[in-house]
Amino acid sequence: VENDKTRVTEWRFPKRGDNTGWHVHEYDYVVVPLFTGVLDMSEPNRDPFQAKLEKGVPYFRQRGIEHDVANGNEFECAFIEIEFLEA
């Protein structure tokens, strides 16, 4: 889904280590996990860490975040990313 106000993307990682690649978010966004497990996170000037997610429990992040996100599980994981394209 994409219109003037929002962009909704499903990210799916079939196996451990599959990742988004380094990127910077241009807009504030919400992530809704479709699994319970962990994502391996990398950010500049910070040691790699794991984010623990629970299926259906969303979280919000502000624009400007630079990171790489990878599947940290031995199973497929997926999440929905909802970007707010308006200020």
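Scroll up for the structure.
Residues numbered from 1 in each chain as written. Predicted model: local features only at pLDDT ≥ 70, side-chain atom pairs only at ≥ 80, totals over all residues. Heavy atoms only, no water.

### Focus: the pairing of strand β3 (residues 29-33)
So the rule is basically this: Relative accessibility thresholds used throughout: buried, under 20% of the residue-type maximum; exposed, over 50%; partly exposed, between the two (1.4 Å probe, protein chains only). Elements are defined by DSSP. Helices are runs of H or I of four residues or more, strands are runs of E of two residues or more, and each kind is numbered from the N terminus. DSSP-based pairing: two strands are paired if at least 2 bridges between them are found.
Burial within β3 is extensive, with four of its five residues counted as buried. Pairing analysis gives three bridges linking β3 to strand β6 (residues 59-61), with the strands arranged antiparallel. Bridged to Val-31 within β6 is Tyr-59. Taken together, the five bridges between β3 and strand β8 (residues 77-84) define a ladder with antiparallel strand orientation. The residue of β8 that forms the bridge with Tyr-29 is Glu-83.

### A word on the pattern of salt bridges
As a reminder, the rule being used: Within this document, salt bridges are pairs made up of a side-chain nitrogen of Lys or Arg and a carboxyl oxygen of Asp or Glu, the two lying within 4 Å of each other.
What the rule picks out here adds up to eight salt bridges. Of the charged contacts, one joins Glu-10 and Arg-12 as a salt bridge, the two residues approaching to 3.1 Å between their closest N and O atoms. Linking Glu-74 and Arg-16 is a salt bridge whose minimum nitrogen-to-oxygen distance equals 3.4 Å. With Glu-74 in the loop between β7 (66-71) and β8 and Arg-16 in the loop between β1 (6-13) and β2 (23-24), this residue pair connects regions lying 58 residues apart in the sequence. For Glu-74, a relative accessible area of 67% gives the class exposed.

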